[in-house]
Amino acid sequence: SPAEPTGGCSSPASAAADHTASPCSAAESATTNAGSAAATPLPSLRLREAWTCCLDKCVDASPLLLCRHQREGGRSVAVVVGSHAGTVCATDLASGAIMWRTRLPTRVEASCCAAAAGEVVVVGGYDGSLYGLDARLG
């Protein structure tokens, strides 16, 4: 298992571990292939960890994906998620680079959502407060 990177949250893909995952069980496969005469299991997938982001404590929420179209015609995708430590982090999906990171005064158990055409990330805190974060700066 690769060591936790020092001073940051991202690890390079070269230090990543390989994982094998099956997309569904045999029963689910039969449902997926319901139209075929004989159910055939779906192939296993080889997943490779591309990067990691340390959020200081456990994560209960699903990540938010924010797509930004750039003037040059490209796009970037940010992965935004919060943790029980109150850390909310936006990470570039492609590279794993930390775009911004902020610490709320309470833990986060809810998924973040986008508001105002993706300009604001909204998340509920365990203290009963609703927090609005600038999607570009945190």
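Undergrad: Explain the packing of aromatic side chains here, please?
TA: Given two aromatic rings, one states the distance between the centres and the angle between the planes to describe the pair. According to the stated counting rule, one finds zero aromatic pairs in the structure shown. The ring of tyrosine 126 has arginine 107 sitting right over it, with the charged end atom 3.9 Å from the ring centre.

Undergrad: How should the sheet that holds strand β3 (residues 64–69) be read in this particular structure?
TA: What holds strands together in a sheet is hydrogen bonding between their backbones, with the strands either parallel or antiparallel. Read across the open sheet, the four strands follow the order β3-β4-β5-β6; overall the sheet is antiparallel. The strands lining the two open edges of the sheet, one partner per strand, are β3 and β6 (98–103). Between one strand and the next, the sheet's axes are offset by a mean angle of 15 degrees, whatever the strand orientation. Sheet topology note: the strand β5 (residues 87–92)/β6 ladder contains five bridges and is antiparallel. When the sheet's bridge partners are listed, valine 88 is paired in β6 with threonine 102.

Undergrad: I keep staring at unusual backbone geometry and nothing clicks. Help me out?
TA: A negative phi angle is the norm for most residues apart from glycine, just as the trans form is the norm for most peptide bonds. Positioned with a positive phi, alanine 116 is a non-glycine residue whose angle comes to about 50 degrees. If you trace the backbone, alanine 116 turns up in the loop between β7 (113–115) and β8 (120–124). Judged by its relative accessible area of 52%, alanine 116 is exposed. Unusually for a residue other than glycine, alanine 117 sits at a positive phi of about 60 degrees. Classification of alanine 117 as exposed rests on a relative accessible area of 78%.

Undergrad: How should the pattern of salt bridges be read in this particular structure?
TA: Opposite charge on two side chains lets them pair, provided their charged atoms get close. This model, assessed by the stated rule, comprises five salt bridges. Put simply, arginine 101 and aspartate 56 hold a salt bridge, and the shortest N to O gap is 2.9 Å. Taken as a pair, arginine 101 in strand β6 and aspartate 56 in the loop between β2 (45–48) and β3 lie far apart in primary sequence, 45 residues in all. By relative accessible area, which is 36% here, arginine 101 ends up partly exposed. Aspartate 56 sits in the partly exposed class, given a relative accessible area of 42%. Here arginine 107 makes a salt bridge to glutamate 109, at a shortest N to O gap of 2.5 Å. Assessed through its relative accessible area of 33%, glutamate 109 is described here as partly exposed. Among the ionic contacts, a cluster of salt bridges with common partners joins Asp56, Arg101 and Arg103.

About the criteria used
- Residues numbered from 1 in each chain as written.
- Predicted model: local features only at pLDDT ≥ 70, side-chain atom pairs only at ≥ 80, totals over all residues.
- Heavy atoms only, no water.
- Phe/Tyr/Trp six-rings, centres within 6.5 Å; stacked < 30°, edge-to-face > 60°.
- Lys NZ or Arg CZ within 6 Å of the ring centre and 35° of its normal.
- Pairing = 2+ DSSP bridges.
- Helix = DSSP H or I, 4+ residues; strand = E, 2+ residues; numbered from the N terminus.
- Axes fitted to C-alpha atoms, helices over the stretch in contact; angles between N-to-C directions.
- Buried < 20%, exposed > 50% of the residue type's maximum accessible area, 1.4 Å probe, protein only.
- Salt bridge = Lys/Arg side-chain N within 4 Å of Asp/Glu carboxyl O.

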